[in-house]
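Take a look at the letters that make up each chain.
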Amino acid sequence: KMVSVAINGYGTIGKRVADAVAAQKDMKIVGVSKTKPDFEARMALKKGYDLYISIPEREKLFQEAGIEISGTVEDMIEEADIIVDATPEGIGAKNLKMYREKGVKAIFQGGEKHEDIGLSFNSFTNYEDSLGADYTRVVSCNTTGLCRTLKPIDDLAGIKKVRAVMVRRAADPPQVKKGPVNAIVPNPPTVPSHHGPDLRTVMYGININTVALLVPTTLMHQHNIMVELEDPVDIEEIKEELDKTSRVMLVKAGEGLASTAEIMEYARELGRPRNDLYEIPVWEESLNIVDGELYYMQAVHQEADAVPESVDAIRALLELEEDNKRSIEKTNKAMGIL
Ligand code: NAD
């Protein structure tokens, strides 16, 4: 049996989750929601997704544009076993009330606050905790990136303490009104940034402090990570561990992958939809142990990396797979993850 999934908020994340869900054998999309009759609404229909509107008063605008709608978001919820909410920051928490009233399970994105949803999710660190739950929040693109590499390192050598410098993209590629265009902005200017506490919502008790800044790029985030380890390990063991970790890939600067721009070019060469890189690339040359402390650099394709986690979260909430490894395997296979 296929479970019925609806996407509330068909934007950067929502449209990617819709396609990832549609690619799974055990799930189908029963609807996606739009606020405006724009090209994305038209594209959703072309893909065969039923379109629902989140602002009922705008029905006329859709009619005038000749874009067929199947009802309102409330109607869409009736069709679904579970909702993936990918609305902008803060709106998900407001929608939670509607999902509660309708008695439908829902998955939220990293823009929501952990406290508002009550539970957070990463496929590798705490899948089990969301089994059968009504609501969970897939942590942000940056936090997902930290989980992907810190979890295997913690399993291998034990983590005493992490420090990370997070270099964040200023905007997503289509966001013409966001900046900075010509500045480096400590963001937040206070230390530590919120990324450490956010990681602790899925990797409980980890000792981590982060600082973050914004730079004028749209392509990817980049992380510089320093880890004090519990056990003495060889850098080759760390490399091997990361190399065999799902949704992590070692890349070589020396092979022409020396920047986020070239890594995105690699994703294009892979023929990925929308050039999406679901895996976290780690620069092989950056991996080093100095005075017992591990250093490495990685990048995060913010639009894509947490998308497979949203698919796994559906399996956890609906208890389609008890074991995270089996869900990860299914998701990876359907999405063509390396
Ligand atoms: P987005 O603005 O690209 O998409 C949001 C969509 O929701 C838009 O299509 C918008 O029209 C629609 N929408 C607005 N209000 C709505 C409502 N009341 N009901 C239904 N739909 C509504 O935003 P995004 O970048 O996809 O972000 C969505 C969530 O994912 C946020 O929590 C964000 O923090 C998180 N997230 C974003 C990124 C990223 O890099 N873009 C990465 C990871 C997580």
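Every value quoted in this text rests on a predicted model; they were computed, and no experiment measured them.

Focus: the site of the ligand
Right, on to step 1. Neighbouring residues of the ligand: 21 residues in total, closest T12, I13, T35, R169 and D172.
Right, on to step 2. A distance of 3.0 Å separates an oxygen atom of the ligand from a polar atom in the backbone of G111.
Right, on to step 3. Those elements giving two or more residues to the shell around the ligand turn out to be helix 1 (12-22) and strand 2 (27-34).
Right, on to step 4. Residue classes in the shell around the ligand are distributed as six nonpolar, eleven polar and four charged.
Right, on to step 5. Taken domain by domain, the shell around the ligand gets at least three of its residues from each of domain 1 (3-139 + 306-335) and domain 2 (141-300).

Considering the domain arrangement of the protein
Right, on to step 1. Considered domain by domain, the protein is made up of domain 1 (3-139 + 306-335) and domain 2 (141-300).
Right, on to step 2. For domain 1 and domain 2, the distance between their C-alpha centroids amounts to 26 Å.
Right, on to step 3. Contacts between the two partners involve 24 residues from domain 1 and, on the opposite side, 17 residues from domain 2.
Right, on to step 4. Between domain 1 and domain 2 the total buried area reaches about 1800 Å² when both faces are included, carbon and sulfur atoms providing 51% of it.
Right, on to step 5. Together, F124, T125 and V139 form the three largest contributors to the area buried by domain 1 at its contact with domain 2, with a combined 32%.
Right, on to step 6. There are six salt bridges connecting domain 1 and domain 2.
Right, on to step 7. With its nearest N and O atoms 2.9 Å apart, the salt bridge here joins R16 to D276.
Right, on to step 8. Counting every contact that joins domain 1 to domain 2 gives 13 residue pairs in polar contact (both at pLDDT 80 or more).
Right, on to step 9. Broken down by secondary-structure element, the contributors of at least two residues to the side of domain 1 that touches domain 2 are helix 1, strand 7 (120-121), helix 11 (307-317) and helix 12 (324-335).
Right, on to step 10. A per-class count over the side of domain 1 that touches domain 2 returns seven nonpolar, nine polar and eight charged.

Examining unusual backbone geometry
Trans is the common state for peptide bonds, and a negative phi is the common state for residues other than glycine.
Right, on to step 1. With an omega of 5 degrees, the peptide bond running from G179 to P180 counts as cis.
Right, on to step 2. If you trace the backbone, P180 turns up in the loop between strand 9 (159-169) and strand 10 (185-186).
Right, on to step 3. Here the bond from V191 into P192 is cis, since omega is -5 degrees, no more than 30 degrees from zero.
Right, on to step 4. Among the secondary structure elements, P192 is positioned in the loop between strand 10 and helix 8 (195-200).
Right, on to step 5. Backbone geometry places R274, a non-glycine residue, at a positive phi of 55 degrees.

What counts as what
- Position numbers for residues start from 1 in each chain and track the written sequence from start to end.
- Given that this is a predicted model, residues contribute local features only at a pLDDT of at least 70 and side-chain atom pairs are listed and counted only at 80 or more, while totals for whole chains, interfaces and linings are drawn from all residues.
- Side-chain calculation: all heavy atoms of the structure are included, whereas hydrogens and water are not.
- Put simply, a residue is near a molecule or strand once any heavy atom of it comes within 4 Å of that molecule or strand.
- Contacts described as polar in this section are N or O atom pairs within 3.5 Å, which, within protein, must combine one atom able to donate a hydrogen with one able to accept it, while residues neighboring in sequence count only if both atoms come from side chains.
- Put simply, DSSP H or I for four residues or longer makes a helix, DSSP E for two residues or longer makes a strand, and each gets a number counted from the N terminus.
- Amino acids outside the nonpolar list (Ala, Val, Leu, Ile, Met, Phe, Trp, Tyr, Cys, Pro) and the charged list (Asp, Glu, Lys, Arg) are all regarded as polar, and Gly is one of them.
- Residue ranges assigned to the domains are those given by an automatic or database domain assignment.
- By definition, residues are in contact when any of their heavy atoms lie within 4.5 Å.
- The term buried area refers to how much accessible surface (probe radius 1.4 Å) is lost by two components on association, counted for both of them together.
- Here, a salt bridge means any Lys or Arg side-chain nitrogen found within 4 Å of an Asp or Glu carboxyl oxygen.

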